[in-house]
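Okay, here's what each chain looks like letter by letter:
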Amino acid sequence: MRIAAIAAFGTTLVACGGGGGSSSTASVATSSTAAPVAPAAAPVTAAPAPVAAPDASAPVANTTAVPAETSLAALAAATPAAPAAAPVSASVAPANTTTAATTTAYSVFNMVTDVRVQNTSATAQAALPVTFGQVFAVGDLLPSDSLVGRFDNGSTISLQLDVKATHPDGSVRHAVVSGMVENMAANETRTLSLMKSNAPHSTGMGPKTLLINGFSSSVHATINGVRYNASADDIIKKGGAYQTWLAGAVANEWHVSAPLTTADGVAHPHLTARFAIRWYDAIKKARVDVTVENAWAYEANPQNFTYDAEVMVRGEVVYSKSAMTQYHHTRWRKTFWWGGDASQAYVKHNTGYLIASRALPNYDQSVVVPESTFTELKSKWTGAAIEPMGVGLANPYMPSTGGRNEIGLLPGWAATYLLSMDKRAKDITLGSGDLAGSWSTHYRDKNTGRPVSLMDYPYMTILGITTDTRNPTTKQLEAFPKCAVGASCSTPNTHDTSHQPGFAYLPYLVTGDYYYLEELQFWAMYDVFASNPGYRKNILGLLEPDQVRGQAWSLRTLAQAAYITPDDDRLKSHFARVLTSNLDWYNTEYTDNPAANVFGVIATKSAVIYNNRRGIAPWQDDFFTAAIGHAAELGFAGAKKLLTWKAKAPVIRMADPGNCWIDGALYSMNIRDSETSPYYTTMAEASKASQTATFQSLACGSAEMAAFLKLKVGEMTGYSSSIAGYPSNMQPALAYSVDARLPNGSKAWAQFMARTVKPNYGLSPQFAIVPR
């Protein structure tokens, strides 16, 4: 599906405080499934808005030390009055000053996409804050552009745009959008068009605004009778470092962290509290996002800790759990509100545009999810499984065999949410992203404050012996410390790469929450350092020694991290470097190798392990093809090149006359006579070596073949009716082969779609991917 260009809206002049901006009127693209194009809007004039006073401590860089102040009065006195023409993009009043705004006209141009905003409350809301993540297709929006929101009734609101990542052409790839919706009736839903504009960008403020307004939030843990504490407001008062995530007239978000410390000032060596505080100045409310980590990578004596947990906001206990056991290298998250609940806004993204942007696979938008699917999902989302250290709907033992809903480019619950935009499915998708912290895959570097990086520790690993981790350049051992003697490091949550769900990518795309970004980064880096450094070629981070399915899901996560990590994040280039190393290896081994096998399959030592090392698992290989197809759509040149070779793997099994397509999604396929024999050179040879003589003697797709297989005529083998059967596993790979314009790709797809027994993807659509 291509993004269809829409007609330009008439230029609209709107009064706004602040200076001018870009006046580009270039055509903007939107999804062909987006809302119909509205008629040109009549000019709208906004009432002059009070200008927000910039905070004296407004940060320039990502991390800034807040000047220590001795009293709230001193803090208030330190906040200067706003300049007369300070640019703003929303009506925002500062804590202690109100200044009349000057009016500056700006223009509103094309619609980029739209979202639907729902007031989920049974009561009307006078002012409802909305913040969400949004991906943009290449060329749709420049960082110098602004967005203005236009409702279906023609009214407009200012929108704050915090750009996070850009495409190679400089256009916006991902941003966080914030606005304030006024006067929403109970349960009302409005369509909000995101209009390209040259409205001036607004300035933000610093975190001492929180102190002026009396903000407080803290975390407490009582361990063996000793109480440990960490307070967000104390960190700010003492001039602790902070990171600015959002900055503007609508929403400002700051991140602070500190170890949990006793009243005597003794810091816990492992437990750390992290606060992400999102302040909406117009309503004087804040979303308080609290994370507790046991995640330092190189702190001695890692172990599980059992404690009584307590979170306080505004002096009140908002969460408590007795005798919580937090496993080593994990984290847990809870969100609350300070100043009153303002969480009633539910944002429904435009599914067609999200998919058309190519940030997400082309899931079949004709799939209808029945009410029973949502009911079943919600009924399972309960109890200890959704508490800290629980894993929600995921299998706590990842290595478990058999198909299940969380395996795919997206988990089943996330694909269900994407196609339906149902709030219940979104709650589970985001909740699963929260609970991704419950696995012991989280290794944070104290030196950088970020997830550990292979660029910093090329010999780190959780496998092998300590001497395998000696860095010849630094002469240091990069092994992680062993579990404390006599302590427990056991956990009921067993992770691996070969069955790993994609927990956090979609949650970060649609929310812009930093927690999900780091979850994606933690898992992507774990996938790289989990292996022995010698086997992975240390800093190259090669995935090829792993099972093929492990390579597939690791490449998926690695590509997503490299694609969506913000441009100014040091880890972005690190993920890109590791991804490029892997793609270069595969292209050298296969695409550019005239001696590579003719089947388009990964044939490493870890792949050809079936039937006495004669065969491979086509379904695992299909996972790999799908992951490469996804990476190619994300724009990685090496993946595009690899796909031209790799995508023939599913095509040859469906369209080659040497194989009967009925068995195109077979469990295992022999590609040589013995472990030391050369690979076959035709599909007919592989089929003869993989199928019984009786099957080979029957006409392909005939009634006789169906009777022999005890299937319906035209039904494929491999559990064709199952949403996780082998034909379903094959579907994304086939779809990407069509998109890659492979010879016989369309023929193979047509044959696949002609099968008579298909799954009901409304039950779980993680494999419901179709050609574009």
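Note that the structure is predicted; figures quoted are calculated from it, not measured. (Residues numbered from 1 in each chain as written. Predicted model: local features only at pLDDT ≥ 70, side-chain atom pairs only at ≥ 80, totals over all residues. Heavy atoms only, no water.)

1. Describing the overall build of the chain
Next up, step 1: A tally of helices and strands in the chain yields 19 helices and 22 strands.
Next up, step 2: Per-residue burial for the chain yields a buried fraction of 59% across its 772 residues.
Next up, step 3: Summarising the internal contacts of the chain: among those between residues at least 6 apart in sequence, 76% fall at separations of at least 24.
Next up, step 4: Counting every atom, the chain has about 27,700 Å² of accessible surface; 54% of that belongs to carbon and sulfur. (Helix = DSSP H or I, 4+ residues; strand = E, 2+ residues; numbered from the N terminus. Buried < 20%, exposed > 50% of the residue type's maximum accessible area, 1.4 Å probe, protein only. Contact = heavy atoms within 4.5 Å. Areas by Shrake-Rupley, 256 points an atom, 1.4 Å probe, with all protein chains shown as cover.)

2. Considering the environment of S322
Next up, step 1: Looking at the element boundaries, S322 is found in strand 18 (residues 316–326).
Next up, step 2: Under the relative-accessibility criterion, S322 is labelled exposed at 60%.
Next up, step 3: For the pair S322 and T306, spaced 16 residues apart in the sequence, the C-alpha separation amounts to 8.9 Å.

3. Digging into the environment of D364
Next up, step 1: In this structure, D364 sits in the loop between helix 4 (351–356) and helix 5 (371–380).
Next up, step 2: Once the C-alpha coordinates of D364 and P771 are considered, the two residues, 407 residues apart in sequence, prove to be 8.9 Å apart.
Next up, step 3: Excluding residues that lie within four positions of it along the chain, D364 makes contacts with L419, A768 and V770.
Next up, step 4: In this structure the side chain of D364 is engaged in a polar contact, spanning 2.6 Å, whose partner is the side chain of S366. (Polar contact = N/O pair within 3.5 Å; in protein donor to acceptor, adjacent residues only side chain to side chain.)

4. Concerning the side chain of R444
Next up, step 1: Note on placement: R444 falls in the loop between helix 7 (423–435) and helix 8 (505–511).
Next up, step 2: Since its relative accessible area comes to 1%, R444 is described here as buried.
Next up, step 3: Contacts of R444, omitting those with residues within four sequence positions, involve R274, E293, A295, W296, A297, R331, G449, R450, P451, V452, E518 and F522.

5. Observations regarding the pairing of strand 16 (residues 285–294)
Next up, step 1: Counting buried positions along strand 16 yields 9 of 10 residues, so the element is predominantly enclosed.
Next up, step 2: The antiparallel hairpin formed by strand 15 (residues 267–280) and strand 16 contains 4 residues in its connecting segment, where K284 sits at a positive phi of about 55°. (Pairing = 2+ DSSP bridges.)

6. Section: the confidence of the model for the chain
Next up, step 1: Summing up the model confidence of the chain, the mean pLDDT is 89 and the portion of residues at 70 or higher is 87%.
Next up, step 2: Under a pLDDT of 50 for its full length, residues 1–102 has, in the predicted model, 258 contacts with residues more than four places off or in other chains. (pLDDT = per-residue confidence, 0-100.)

7. Focus: the state of the cysteines
Simply put, the disulfide is a covalent bond whose two ends are the sulfur atoms of two cysteines.
Next up, step 1: Taken as a whole, this structure holds 2 disulfides when the rule is applied.
Next up, step 2: The residue that forms a disulfide with C660 is C700, at a sulfur-sulfur distance of 2.2 Å. On the S-S bond that ties C660 to C700, the torsion sits near 80°, and the link is right-handed. In this pair, C660 sits in the loop between helix 14 (648–655) and strand 22 (669–670) while C700 sits in the loop between helix 16 (693–697) and helix 17 (703–709), placing the two residues 40 residues apart along the sequence. (Disulfide = S-S within 2.5 Å.)

8. Side note on helix 15 (residues 683–690)
Next up, step 1: Among the residues of helix 15, those classed as buried are M683, A686 and S687. The buried residues of helix 15 occupy one face: seen down the axis, they fall within an arc of 100°.
Next up, step 2: On the buried face of helix 15, the contacting elements are helix 14, strand 22 and helix 16. (Arc of directions from axis to C-beta.)

9. Digging into the side chain of S432
Next up, step 1: Mapping S432 onto the fold places it in helix 7.
Next up, step 2: For S432, the side chain forms a polar contact with the main-chain oxygen of I428, separated by 2.8 Å.
Next up, step 3: Once you skip the residues sitting within four places of it in the chain, S432 turns out to touch W381, W413 and F503.

10. Let's talk about the pattern of salt bridges
Next up, step 1: Counting across every chain of the model gives 32 salt bridges.
Next up, step 2: Notably, a salt bridge pairs K380 with E376, separated by 3.1 Å at the nearest N-O pair. Here the residue K380 and the residue E376 both occupy positions in helix 5, the gap between them amounting to 4 residues, near one helical turn.
Next up, step 3: Via salt bridges that share partners, R274, E293, R331, R444, R450, E518, E519 and D569 belong to a single interconnected network. (Salt bridge = Lys/Arg side-chain N within 4 Å of Asp/Glu carboxyl O.)

11. Focus on the environment of S554
Next up, step 1: If you trace the backbone, S554 turns up in helix 10 (residues 548–564).
Next up, step 2: For the pair S554 and D527, spaced 27 residues apart in the sequence, the C-alpha separation amounts to 5.6 Å.

12. Description of helix 12 (residues 618–633)
Next up, step 1: Relative to the 22 Å expected for 16 residues at 1.5 Å per residue, helix 12 spans 22 Å between its end C-alpha atoms, a close match to the ideal helical length.
Next up, step 2: Burial within helix 12 is extensive, with 16 of its 16 residues counted as buried.
Next up, step 3: Two residues or fewer after helix 12 comes G635, characterised by a positive phi angle close to 105°. (Expected span 1.5 Å × (residues − 1).)

13. A closer look at the packing of aromatic side chains
Next up, step 1: All chains considered together, the criterion is met by 29 aromatic pairs.
Next up, step 2: Note on Y319 and W332: the rings are 5.7 Å apart at their centroids and 50° apart in plane angle, and the pair reads as tilted. Taken together, the positions of Y319 in strand 18 and W332 in strand 19 (residues 330–338) put the pair 13 residues apart, joining distant regions of the chain. The same class applies to Y319 as to W332, namely buried.
Next up, step 3: Measuring from ring centre to ring centre gives 5.9 Å for Y515 and Y516, while their planes differ by 80°; the resulting arrangement is edge-to-face.
Next up, step 4: Note on Y515: relative accessible area 4%, which makes it buried.
Next up, step 5: A residue is classified by how much of its surface remains accessible, and Y516, at 2% relative accessible area, is buried. (Phe/Tyr/Trp six-rings, centres within 6.5 Å; stacked < 30°, edge-to-face > 60°.)

14. Digging into the pairing of strand 8 (residues 156–166)
Here is the key point about a regular strand: its side chains alternate between the two faces of the sheet.
Next up, step 1: Pairing analysis gives 3 bridges linking strand 7 (residues 146–151) to strand 8, with the strands arranged antiparallel. Bridged to V148 within strand 8 is S158.
Next up, step 2: Linkage of strand 7 to strand 8, two consecutive antiparallel strands, is achieved through a turn of 4 residues, within which G154 is found at a positive phi near 95°.
Next up, step 3: Between the antiparallel neighbours strand 8 and strand 9 (residues 172–184) lie 5 residues, among them G170 with a positive phi of about 95°.

15. Thoughts on the packing of helix 9 (residues 514–529) against helix 11 (residues 570–591)
Next up, step 1: Orientation of helix 9 relative to helix 11, taken along the N-to-C sense of each, is 35°, at an axis distance of 12 Å. As helix 9 runs across helix 11, the sense of the crossing is left-handed. Contacts from Q521, A524, M525 and V528 of helix 9 reach helix 11 at L571, F575 and V578.
Next up, step 2: In terms of residue class, the contact of helix 9 with helix 11 is built from 6 nonpolar, 1 polar and no charged. (Axes fitted to C-alpha atoms, helices over the stretch in contact; angles between N-to-C directions. Left-handed = near helix turned anticlockwise from the far one by under 90°. Nonpolar A, V, L, I, M, F, W, Y, C, P; charged D, E, K, R; others polar.)

16. Notes on the packing of helix 14 against helix 18 (residues 726–739)
Next up, step 1: Two elements in contact, helix 14 and helix 18, have axes whose closest approach is 8 Å; the angle formed by their N-to-C orientations is 100°. By the angle between their directions, the pair helix 14 and helix 18 is classed as roughly perpendicular. Of the residues in helix 18, those in contact with P650, V651, R653 and M654 of helix 14 are M730, A733, L734 and S737.
Next up, step 2: In terms of residue class, the contact of helix 14 with helix 18 is made up of 6 nonpolar, 1 polar and 1 charged. (Parallel < 35°, antiparallel > 145°, perpendicular 65-115°, else oblique.)

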